[in-house]
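Each chain, letter by letter, is given below.
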Amino acid sequence: MMKILWSRPRVAVVTAALVLFSPVVLAPGAVRAGPAAAVNAVVAWNSHAQTAIYEVARQSPTTTARSFAMVQGAVYDAVNAVAGAPYRPYLVAPPTRPGDSAPAAVAAAAHGVLLSLFPAQAGALRAQYDEALAAIPDGRSKSGGIAVGAAAAAAMIASRVNDGAFSDATWRVGTEPGQWRPTPPGFLQVGAWFATLKPFVVPDPGRFRTPGPPALTGAVWARDLNEVKAVGSATSTVRTPDQTEAAIWWDDPRLVEWAILRDVATTQRLDMLQAARMFAMAELAAVDALIACYREKKHWSFWRPVTAIPLAGTDGNPATKAEPGWTPLRVTAPSTEYPSGHACFTSSTMTALRTFFGRDDVAFSAYSADSGTVRHYRSLAAATAELNLARIWAGVHYRTAVDHGDRLGTRVAREVLARQFGRP
């Protein structure tokens, strides 16, 4: 069954740091009517990117942020150049000629980056590339667009050489109360390299700090632990069916945020330049937010609910009680607890969309294979608020971790967007 979530009141959406942006003015609600528009090449290649990045390569949700940022950053530079560079380029504005094909530029940029990331998928990627180019008449326009896209891809690939991706960094493991230790079922060490990944936009991700997790002897910690213990358990009797669905929907490793961006681009009928800019704003804000978030994760190295709740009797807090054998609704990611990476990611994505459109009441929906349902939202704020709660309902994060992750993601996104994607 489809669930409809009504929006909260509108929130203020334009800050002084973002005054360089000219929001895309589209009438809310009206754009969903009428016949379907032709497929936008930017949206189509974002879907191809998901196929390569996740469906085939099965990159982790965190790792995918780097790959999507590379693809969408190159596509943005290519389309922006073809359009005459009305916005500041991310890396480069390749030389163009009047009439260069934007669809050809999109295909060449996306294909070039994806091929560099996944050379083993060369055959499938070439087939998608050839199909896209076959729809464009041969001639100077097509060859010019291909050259622009190839140059944008080359610039992106060069910018990420030796950026620290996939290093052998590990999380710090401890045995004292509050210290992170590997979590079931895999007891893995995954993703610590993201903490030292070269940022895409912000000069110093380490400048974005958080207050830290609550003291184990305090009331906030007791509230956090007891809340997730009750509502996030696999066998919870207080979590509602809709909360269970939301927890699963947001936790799908085939991130619903990818589908949300495509849904928004399609229902708002963005042209190629608008779509390229929106995707790049969202993906580059998200990747830098995650880098800053993972630096904080590595610094605080706080324990996850799945290990803390069975050991709650050791935390020195009389308001918490251990529950041996407690398990969460969803599998805990193999990274440290604080702050929530998903909260950082989603808040940065929604901040980018809010900045792009200049308002919060942007409606969208998306499907999750894990939950088998479509969920609908009337505003960006409503979706963000539900994601934060859904991480608690899933049993994988405490309230403080999601609250601070939300704030961190917003702050990083605002700096990314103040530095990039505005008018020259």
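Residues numbered from 1 in each chain as written. Predicted model: local features only at pLDDT ≥ 70, side-chain atom pairs only at ≥ 80, totals over all residues. Heavy atoms only, no water.

K.L.:
Is there a simple way to think about the overall build of the chain in this case?
P.N.:
Each helix and strand in the chain was counted, giving 13 helices and 3 strands. The C-alpha radius of gyration of the chain comes to 22 Å, within 12% of the 22 Å expected for a compact globule of 424 residues. Considering only C-alpha atoms, the chain reaches an extent of 75 × 45 × 40 Å along its principal axes. Counting across all 424 residues of the chain, residues that qualify as buried make up 57%. Excluding contacts between residues fewer than 6 apart, the proportion of contacts in the chain whose partners are at least 24 apart in sequence is 82%. Between the averaged position of the 41 positive side-chain charges in the chain and that of its 32 negative side-chain charges there is a distance of 3 Å. (Helix = DSSP H or I, 4+ residues; strand = E, 2+ residues; numbered from the N terminus. Rg over C-alpha atoms; globule rule 2.2 N^0.38 Å. Buried < 20%, exposed > 50% of the residue type's maximum accessible area, 1.4 Å probe, protein only. Contact = heavy atoms within 4.5 Å. Lys, Arg positive; Asp, Glu negative; His and termini not counted. Charge placed at Lys NZ, Arg CZ, Asp CG, Glu CD.)

K.L.:
Please explain the pairing of strand S2 (residues 364-368) as it appears in this structure.
P.N.:
Regular strands show a simple pattern: their side chains alternate between the two faces of the sheet. The element S2 is largely enclosed, with a buried count of 4 among its 5 residues. Judged from the 5 bridges that link them, S2 and strand S3 (residues 373-377) form a sheet pairing that is antiparallel. Within S3, the position partnered with Ser368 by the bridge is Thr373. Counting the residues in the hairpin turn of S2 and S3 gives 4 residues, including Gly372, whose phi is positive at 70°. (Pairing = 2+ DSSP bridges.)

K.L.:
Looking at this structure, I do not really get the packing of aromatic side chains. What am I missing?
P.N.:
Applying the stated criterion across every chain, the model contains 17 aromatic pairs. Aromatic side chains Tyr54 and Trp258 sit 5.9 Å apart centroid to centroid with 55° between the ring planes, which places their arrangement in the tilted category. In this pair, Tyr54 is assigned in helix H1 (residues 41-56) and Trp258 in helix H8 (residues 256-267), connecting sequence segments 204 residues apart. Of the two residues, Tyr54 and Trp258, both sit in the buried class. Among the aromatic residues, those joined into a ring-pair cluster are Phe166, Trp171, Trp193, Phe194 and Tyr294. Sitting over the face of the ring of Phe208, Arg207 holds its NZ or CZ atom 4.7 Å from the ring centroid. A cation over an aromatic ring shows up here: Arg277 above the ring of Tyr87, its NZ or CZ 4.2 Å from the ring centre. (Phe/Tyr/Trp six-rings, centres within 6.5 Å; stacked < 30°, edge-to-face > 60°. Lys NZ or Arg CZ within 6 Å of the ring centre and 35° of its normal.)

K.L.:
It is not clear to me how the confidence of the model for the chain should be interpreted in this structure. Could you clarify?
P.N.:
Parts of the model with low pLDDT should not have their predicted coordinates read in detail. The pLDDT averaged across the chain works out to 92; a share of 91% of its residues lies at or above 70. When the criterion is pLDDT under 50, residues 1-22 qualifies, and its contacts beyond four places in sequence or with other chains add up to 53 contacts. Confidence drops under pLDDT 50 across residues 25-37; counting only partners more than four residues distant or on other chains, this segment forms 18 contacts. (pLDDT = per-residue confidence, 0-100.)

K.L.:
Help me out: how do you make sense of empty space enclosed by the protein in this one?
P.N.:
Enumeration according to the criterion identifies 2 cavities of 30 Å³ or more in this entry. Each pocket or cavity is described by its volume, and for the second largest cavity that value is around 30 Å³. In terms of lining residues, the second largest cavity is bounded by Glu257, Trp258, Leu261, Ala282, Glu283, Phe345 and Thr349. The set of elements that each furnish at least two residues to the lining of the second largest cavity consists of H8, helix H9 (272-300) and helix H11 (341-357). With 3 residues, H8 is the largest single contributor of residues to the lining of the second largest cavity. (1 Å grid on protein atoms, 1.4 Å probe; cavity = no way out; pocket = protein on both sides within 12 Å on 5 of 7 lines; lining within 4 Å. Points joined across faces, edges and corners; volume = space filled by probe spheres on them.)

K.L.:
So what exactly am I meant to see when it comes to the environment of Ala153 here?
P.N.:
By secondary structure assignment, the location of Ala153 is in helix H5 (residues 140-159). Looking at Ala153, the relative accessible area reads 3%, which means it is buried. Aside from chain neighbours lying at most four places away, what touches Ala153 is Ala74, Ala108, Ala109, Gly112 and Val113.

K.L.:
Can you walk me through helix H3 (residues 102-117) in this structure?
P.N.:
The α-helix advances 3.6 residues per turn, and as a result positions three or four apart in sequence lie on the same side. In a regular helix each residue adds 1.5 Å, so 16 residues correspond to 22 Å; H3 covers 23 Å between its end C-alpha atoms and thus fits that length. Within H3, 12 of the 16 residues are buried, which leaves it mostly tucked inside the rest of the structure. Within H3, the full set of buried residues consists of Ala102, Ala104, Ala105, Val106, Ala107, Ala108, Ala109, Ala110, His111, Gly112, Val113 and Leu114. Its buried side turned inward, H3 meets H1, helix H2 (61-82), helix H4 (122-134), H5 and H9. The distance from a side-chain oxygen at the start of H3 to the backbone nitrogen of Ala104 is 3.1 Å, and the residue carrying that oxygen is Ser101. (Expected span 1.5 Å × (residues − 1). Polar contact = N/O pair within 3.5 Å; in protein donor to acceptor, adjacent residues only side chain to side chain.)

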